[in-house]
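Summary of structural features
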Amino acid sequence: MNVNTILNVKGGDVVTVSTSTPILEVTKTLAKFGIGSIVVTKEDGTLAGIVSERDVVRAIAHMGVDVTNEPVSEIMTENIVTCDRNDSVDKIMGIMTSKRFRHMPVVEEGKLKGIVSIGDVVQQRIAEAELEANAMRSYIATG
Ligand code: AMP
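Everything in this summary refers to the structure shown in the same document. (Residues numbered from 1 in each chain as written. Predicted model: local features only at pLDDT ≥ 70, side-chain atom pairs only at ≥ 80, totals over all residues. Heavy atoms only, no water.)

Considering the pattern of salt bridges
One side chain can pair with another of opposite charge once the charged atoms of both are near each other. For clarity, the cut-off: The term salt bridge refers to a side-chain nitrogen of Lys or Arg lying within 4 Å of a carboxyl oxygen of Asp or Glu. The numbering of helices and of strands both runs from the N terminus, where a helix is a DSSP run of H or I of at least 4 residues and a strand a run of E of at least 2. Exposure classes here rest on a 1.4 Å probe applied to the protein chains alone. A residue is buried below 20% of its type maximum, exposed above 50%, and partly exposed in between.
As enumerated under the stated definition, the model contains 7 salt bridges in all. Between Arg 102 and Glu 53 there is a salt bridge, and its shortest N-O distance comes to 3.4 Å. Linking Arg 102 in the loop between α4 (89-99) and β4 (103-108) with Glu 53 in helix α3 (residues 53-63), this pair joins segments that are 49 residues apart in sequence. On the accessibility criterion, Arg 102 (26% relative accessible area) is partly exposed. Among the salt bridges present, the one from Arg 125 reaches Asp 90, with a minimum N-O distance of 2.5 Å.

Quick word on the environment of Glu 43
Position of Glu 43 relative to the elements: it lies in the loop between β2 (37-41) and β3 (47-52). In this structure Glu 43 comes out as exposed when scored by relative accessible area, which is 86%. As for Glu 43 and Val 72, which are separated by 29 residues in sequence, their C-alpha atoms are 14 Å apart.

Focus on the nonpolar core
Here is the rule: Think of a nonpolar core as a cluster: buried Ala, Val, Leu, Ile, Met, Phe, Trp, Tyr and Cys residues, connected wherever their side-chain atoms sit within 4.5 Å. Only heavy atoms matter for contacts: two residues are in contact if any of them lie within 4.5 Å across the pair.
Counting residues in each nonpolar core, the largest one holds 14 residues, and the members touching the most others are Val 17, Val 26, Ile 38, Val 40, Val 51, Val 72 and Ile 75. Elements represented by at least two residues in this core include exactly α2 (23-33), β2, β3 and α3. Sequence-distant contacts of Val 51, that is, excluding residues within four places in its chain, are made with Val 26, Gly 36, Ser 37, Ile 38, Val 40, Val 72, Ile 75 and Met 76. Grouped together as the second largest cluster of nonpolar side chains are 11 residues, Val 3, Ile 6, Met 96 and Val 121 included.

Observations concerning the packing of α4 against helix α5 (residues 118-142)
Pairs of packed helices are described in terms of their axes, by the angle between the two and the distance that separates them. Inclusion rule: Here an angle of 0 to 180 degrees is reported between the N-to-C directions of two axes, which are lines fitted to C-alpha atoms, with helices fitted over the stretch in contact. Any angle that is under 35 degrees is reported as roughly parallel, and any over 145 degrees as roughly antiparallel; angles of 65 to 115 degrees are reported as roughly perpendicular and all others as oblique. For any helix crossing, the convention is left-handed if the near helix is rotated counterclockwise from the far helix by under a right angle, and right-handed if that rotation is clockwise.
Between α4 and α5, whose axes approach to 10 Å, the crossing angle comes to 140°. The angle between α4 and α5 falls in the class oblique. When the axes of α4 and α5 are compared, the crossing they make is left-handed. Where α4 approaches α5, its residues Val 89, Asp 90, Ile 92, Met 93 and Met 96 are matched on the opposing element by Ile 118, Val 121, Gln 124 and Arg 125.

Details of unusual backbone geometry
Phi at Arg 100 takes a positive value of approximately 60°, unusual for a residue other than glycine. Among the secondary structure elements, Arg 100 is positioned in the loop between α4 and β4. Given the relative accessible area of 70%, Arg 100 is considered exposed. Residue Glu 109 is not a glycine yet carries a positive backbone phi of 50°. As for its position among the elements, Glu 109 is in the loop between β4 and β5 (111-117). The class of Glu 109 is exposed, set by a relative accessible area of 81%.

Thoughts on the site of the ligand
What counts, and what does not: If a single non-hydrogen atom of a residue is within 4 Å of a molecule or strand, that residue counts as near it. Any pair of nitrogen or oxygen atoms within 3.5 Å is treated as a polar contact; in protein, a donor-acceptor pairing is required on top of that, and neighbouring residues in sequence qualify only through side-chain atoms on both sides. The Shrake-Rupley method, run with a 1.4 Å probe sphere, supplies the accessible areas, and residue values consider only the shown protein chains as cover. For this scheme, ten residues count as nonpolar: Ala, Val, Leu, Ile, Met, Phe, Trp, Tyr, Cys and Pro. Four count as charged, namely Asp, Glu, Lys and Arg, and the remainder, Gly too, count as polar.
Taken together, 13 residues surround the ligand, and among them Ser 52, Asp 55, Thr 77, Arg 102 and His 103 come closest. Separating an oxygen atom of the ligand from a side-chain N or O atom of Asp 55 is a distance of 2.5 Å. Against a free-state accessible area of 480 Å², the protein chains account for coverage of 93% of the ligand. When residues in the shell around the ligand are grouped by element, the largest group, 3 residues, is from β4. Grouping the constituent residues of the shell around the ligand by class yields 6 nonpolar, 4 polar and 3 charged.

Below, the structure written as structure tokens:
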């Protein structure tokens, strides 16, 4: 199973904001879509970074609520780790676990094609495990 299997189910929509978006707006967008992370894009649409709810919480804890008037570029992570459609689910799960983040944008030829979260990965692994268990059961039943 690879990233493409996940994107076929959830689609390729990605919520983005521009680098100048105030952090307060980012919190509203996170809440509106019920997501934990947003990809930040430059004016030309290329990737600038990623911001997660954790970045917002950390910024408020360190600098106080006034930081929410600052642009998201102040708190986003610039070095984004991305994946492509052909990457295996196991591989991206390993990367997310070792690097301790829960989101990976899917990028091909510099273009955003989707985003995969640790929740999507876990769901996919459970579906796989259920398929295997059912195959085993019918193998045993039919002898
Ligand atoms: P998360 O666990 O995804 O909420 O993010 C935890 C931290 O990792 C935050 O500082 C994010 O900005 C950062 N982060 C999230 N996803 C990525 C990614 N794909 N590449 C690099 N950093 C990331």
